[in-house]
Amino acid sequence: LDIKIAEDIIKSIILKIPSEKLNSINLFAESLGSFVAAGVLSKISNDKKLKSHQMNITLMWPPSNLSLSLKNFDGGISKTLKNYKNCNFIPNVFKVGYYFLYQDIPKGMSKIFIDCMECYMYHFAFVESIENSFEAFKETKKIDDEKLPNNFTTFFENYNKSFAALIKSNAPELKIKYWLKKRNFENTEVRIITSQDDFINTGVDWNKTIEESYLGKNNIIILPWGGHSGGLAMPIWEEVFRKEIFNVKI
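The subject of this paragraph is the overall build of the chain. When helices and strands are counted, the chain shows ten helices and four strands. The N-to-C order of helical and strand elements in the chain reads α-β-α-β-α-α-α-α-α-α-β-α-β-α. The C-alpha extent of the chain, read off along each of the three principal axes, is 60 × 50 × 35 Å. The buried share of the chain, taken over its 250 residues, is 39%. Taking the contacts inside the chain whose residues are at least 6 apart along the sequence as the reference set, 76% of them involve residues at least 24 apart. Of the charged side chains in the chain, 32 are positive and 29 negative, and the gap between their average positions amounts to 4 Å.

Next comes the structure, spelled out in structure tokens:
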């Protein structure tokens, strides 16, 4: 459904542009959005009304396999739970301000602080989002007796059972190569940037994923650092976006 909605929106915008003024179609997407964008590319690159146009897609820190990514999320949530309960939130707030706002380049951080930052990412960000989303779901569906989920697996088992079944079976639709293989090879150019230490892709063999997506080594940049989407902090992106998005022929 996410892919279908994005496809309809993008097509409605593109088809309003006179064909002679349309130089190329550039899609940029990050994290889970990259997965949706790959699905959209597979659709619009084969569309009779659009297939004559060149289409470029840049996928930034995409999940290679959603089923595996959710397992990695849940593994991180479970692994950091004990330490999260021992992290003192208030002192760490001031430390965040010092390390990341006062200093141009963060340095001098203790292992305890770094471990707590990881815990906050999993529990203060993701688990709290899961709980808030499920609270809204319970209110909408008038559910009173359901416990709040504490990880992504239990969330989807209650919120979206069909998606939970896809995850459990590791369905091919949950792999980004499934959608990239469906693109029109004649009018598309795919670029991927990711990091070796991106936790959502722990256990992924990118060389195999690229090969099975009918791409080559020139289609992907794998940074040796940055975690999940950390590389977006590089100043080069301002130049990239200006060149790729705003340099439009009219």
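A word on the pattern of salt bridges. Throughout the structure, instances matching the rule amount to six salt bridges. Of the charged contacts in the structure, one is a salt bridge between K111 and D115, with a shortest N-O distance of 2.8 Å. You can see K111 and its partner D115 sitting in helix α5 (residues 111-141), four residues apart, about one turn around the helix. Classification of K111 as exposed rests on a relative accessible area of 61%. In this structure, the salt-bridge partner of E212 is K177, at a minimum N-O distance of 2.4 Å. With E212 in helix α9 (residues 206-212) and K177 in helix α8 (residues 176-180), this pair connects stretches of sequence that are 35 residues apart.

Before going further, it helps to spend a moment on the nonpolar core. Counting 45 residues, the largest nonpolar core has I57, L59, F152, F156, L180, V190 and I192 as the members making the most contacts within it. In terms of residues, this core owes the most to one element, helix α2 (residues 32-44), which gives seven residues. When near neighbours in sequence (up to four residues on either side) are disregarded, V190 contacts L41, I57, L180, R183, L215 and N219. One finds M60, W61, L223 and W237 within the second-largest nonpolar core, a separate group that totals five residues.

With that settled, the discussion passes to the side chain of T58. The residue T58 is located in strand β2 (residues 55-60) in this model. Excluding residues within four positions of it along the chain, T58 makes contact with L27, F28, A29 and R191.

What follows is about the sheet that holds β2. Here four strands make up an open sheet; going across it, the order is β1-β2-β3-β4 and the pairing parallel. The outermost strands of the open sheet, each flanked by one partner alone, are β1 (25-30) and β4 (220-223). Neighbour to neighbour, the strand axes of the sheet diverge by 10 degrees on average, direction disregarded. Taken together, the six bridges between β1 and β2 define a ladder with parallel strand orientation. If you follow L27 over to β2, its bridge partner there is I57. Lying on the sheet, α2 is in contact with β1, β2 and β3 (188-195); it crosses β1 at an angle near 155 degrees.

Turning our eyes to something else, we now look at a nonpolar patch on the surface. A cluster of nonpolar side chains, contributed by L1, I5, I9, I13 and I17, occupies part of the molecular surface with about 500 Å² of accessible area. With respect to the helices and strands, L1 occurs in the segment before α1 (2-14). By relative accessible area, which is 77% here, L1 ends up exposed.

What follows covers the state of the cysteines. Under the criterion given, the structure shown has one disulfide. Residue C87 pairs covalently with C116 via a disulfide, S to S 2.1 Å. On the S-S bond that ties C87 to C116, the torsion sits near -100 degrees, and the link is left-handed. Of this pair, C87 sits in the loop between α3 (66-86) and α4 (89-102) while C116 sits in helix α5, and the two are 29 residues apart along the sequence. Unpaired in this structure, C119 has its nearest cysteine sulfur neighbour in C87, at a distance of 4.5 Å.

What follows is about the confidence of the model for the chain. In regions of low pLDDT, the predicted coordinates are not meant to be interpreted in detail. When pLDDT is averaged along the chain, the result is 91, and 98% of the positions lie at 70 or above. The weakest mean pLDDT in the chain belongs to helix α10 (residues 236-246) at 82; the strongest belongs to α8 at 97.

What counts as what
Every residue gets a number counted from 1 within its own chain, in the order that chain's sequence is written. Totals for whole chains, interfaces and linings use every residue, but because this is a predicted model, local features are given only for residues with pLDDT of at least 70 and side-chain atom pairs only at 80 or more, for both listing and counting. Side-chain metrics in this entry use all non-hydrogen atoms of the structure; hydrogen atoms and water are not considered. A helix here means a DSSP run of H or I that spans at least four residues, while a strand means a run of E at least two residues long, and both kinds are numbered starting from the N terminus. Type-normalised accessible area, obtained with a 1.4 Å probe on protein chains alone, sets the label of each residue: buried when under 20%, exposed when over 50%, and partly exposed for intermediate values. Here, two residues are considered to be in contact whenever any of their heavy atoms come within 4.5 Å of each other. Counted as positive: Lys and Arg. Counted as negative: Asp and Glu. His and the chain ends are not counted at all. For the purpose of locating charges, the reference atoms are NZ of Lys, CZ of Arg, CG of Asp and CD of Glu. Any Lys or Arg side-chain nitrogen located within 4 Å of an Asp or Glu carboxyl oxygen qualifies as a salt bridge. For our purposes a nonpolar core is just a set of buried Ala, Val, Leu, Ile, Met, Phe, Trp, Tyr and Cys residues, chained together by side-chain atoms within 4.5 Å. Think of it this way: DSSP has to see at least two bridges between two strands before they count as a pair. Axis angles are defined between N-to-C directions and span 0 to 180 degrees, where every axis is a line fitted to C-alpha atoms and, for a helix, only to the segment in contact. Patches were defined on residues exceeding 30% relative accessible area and lacking a salt bridge, with like-charge contacts within 9 Å and nonpolar side-chain contacts (Val, Leu, Ile, Met, Phe, Trp, Tyr) within 5 Å. Surface exposure here means Shrake-Rupley accessible area, sampled with a 1.4 Å probe, where a residue is shielded only by the protein chains that are shown. Disulfide: a pair of cysteine sulfur atoms within 2.5 Å of each other. Confidence scores here are pLDDT values: one per residue, from the predictor, ranging 0 to 100.

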